[in-house]
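Coordinate analysis (summary)
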Amino acid sequence: MKLCHVVLVSLLACSLSAQSQSGSQSPSPVVKGQDVSKGPTSTALPGETKIDPAKEADIRRLLDLMKAGALVTQLMGGMEQNIRPLMTNSLPPGDYREKLLDLFFAKFHSKMQSSDLLDLVVPIYDKYYSREEIKGLIQFYETPLGQKMVSVTPQVTQESQVAGRQWGQQLGRDSMSEVLLEHPELEKALEDAKNPFPK
């Protein structure tokens, strides 16, 4: 159960991250069961409002300009690097562990289609942006500055994540040091817990 929880939380976090940064991914032009000659197929699920086909085409054009699929692939690769150690530590030690994780990620990659996630993103863009706003974003991403933003976003994102992680780690170290200095009884309790059998 612990392993399943780690996997589900990690996948959810990745999905949310991909949706919030989907501005750098590229959509697949084909949706399952879609006749390409007829243009984009609505991604609305039963019971949901159907997206105007012309607006959906614009959203997919925007996602394509933003290289959305490429970012999905990058995010999934980063997610694997982050969750593999978590999964490794959640499994009992043994020779089987690396093979199990290798097979898991191979299976995961075989099922992963960036177009599936992008199909989920289209209704979100439809919800929060008007067609005029989508067209304005398309105009921006067609400019040299817009394309530069697309090209550097993966590096900016990666370096920002590293900087944020280092900043958070330093804040954590400083906060713990200050708490222990302010509460020497807790520092002693911590030392006693580390060494339950003092000499």
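Not measured: the values here are computed from a predicted model. Per chain, residue numbering runs from 1 following the sequence as it is written. In keeping with the model being predicted, local features are shown solely for residues with a pLDDT of at least 70 and side-chain atom pairs are shown and tallied solely at 80 or more, while totals for entire chains, interfaces and linings include all residues. Excluding hydrogens and water, the side-chain values take into account all heavy atoms of the structure.

What follows concerns the overall build of the chain. Each helix and strand counted, the chain has 8 helices and 0 strands in total. For the chain, buried positions account for 29% of its 199 residues. Contact definition: two residues touch when any of their heavy atoms are within 4.5 Å. Contacts in the chain between residues far apart in sequence, at least 24 positions, make up 76% of those at least 6 positions apart. Every accessible area reported is derived by Shrake-Rupley at a probe size of 1.4 Å, with residue values counting cover from the shown protein chains alone. Summed over its atoms, the accessible surface of the chain is roughly 13,300 Å², and 61% of this surface lies on carbon and sulfur atoms. Secondary structure elements follow DSSP: runs of H or I of four or more residues count as helices, runs of E of two or more count as strands, with numbering from the N terminus. Buried residues are those whose accessible area, probed at 1.4 Å on protein chains only, stays under 20% of the maximum for their type, while exposed residues exceed 50% and partly exposed ones sit between those limits.

A few words now on the nonpolar core. Only buried residues count toward a nonpolar core, which is a set of Ala, Val, Leu, Ile, Met, Phe, Trp, Tyr and Cys residues joined through side-chain atoms within 4.5 Å. Counting residues in hydrophobic clusters, the biggest one holds 25 residues, and the most contacted among them are I59, L62, L63, Y125, I134 and Y141. Secondary-structure elements contributing two or more residues to this core are helix 2 (53-65), helix 3 (68-90), helix 4 (96-111), helix 5 (114-128) and helix 6 (131-141). With 6 residues, the single largest contributor to this core is helix 3. For L62, the residues in contact, after removing those within four places along its chain, are Y125, I134, L137, I138 and Y141.

Moving on, we come to the pattern of salt bridges. By definition here, a salt bridge exists when the distance from a side-chain nitrogen of Lys or Arg to a carboxyl oxygen of Asp or Glu is within 4 Å. For the coordinates displayed, the defined rule picks out 11 salt bridges. Two residues, R84 and D102, come together in a salt bridge whose shortest N-O distance is 3.2 Å. Taken together, the positions of R84 in helix 3 and D102 in helix 4 put the pair 18 residues apart, joining distant regions of the chain. With its nearest N and O atoms 3.8 Å apart, the salt bridge here joins E191 to K194. Highlighted residues: E191 and K194, both in helix 8 (residues 184-194), separated by 3 residues, approximately one helical turn. Each of the salt bridges in this network shares a partner with another, and the network as a whole consists of E80, R84, E98 and D102.

Between 30 and 60 degrees the pair is tilted, below 30 it is stacked and above 60 it is edge-to-face, where a pair is any two Phe, Tyr or Trp rings, Trp via its six-membered ring, whose centres lie within 6.5 Å. By the definition in use, this model includes 4 aromatic pairs. Ring geometry for F104 versus F108: centroids 6.1 Å apart, planes at 25°, classification stacked. On the criterion of helical spacing, the pair formed by F104 and F108 is a turn pair, its members being 4 residues apart in helix 4. Accessibility expressed as a relative area gives 24% for F104, which makes it partly exposed. Following the ring pairs from residue to residue traces out a cluster consisting of F104, F105 and F108.

On to helix 2, then. Expected span of a helix: the number of residues minus one, times 1.5 Å. Compared with the 18 Å implied by 1.5 Å per residue over 13 residues, the 18 Å span of helix 2 between its first and last C-alpha is a close match. When we look at burial in helix 2, the residues that qualify are K55, E56, D58, I59, R60, L62, L63 and L65. Elements that come into contact with the buried residues of helix 2 comprise helix 3, helix 5, helix 6 and helix 7 (144-182). Looking one or two residues beyond helix 2, the residue adopting positive phi is K67, at roughly 55°.

On their own, these measurements won't tell you what the molecule is for.
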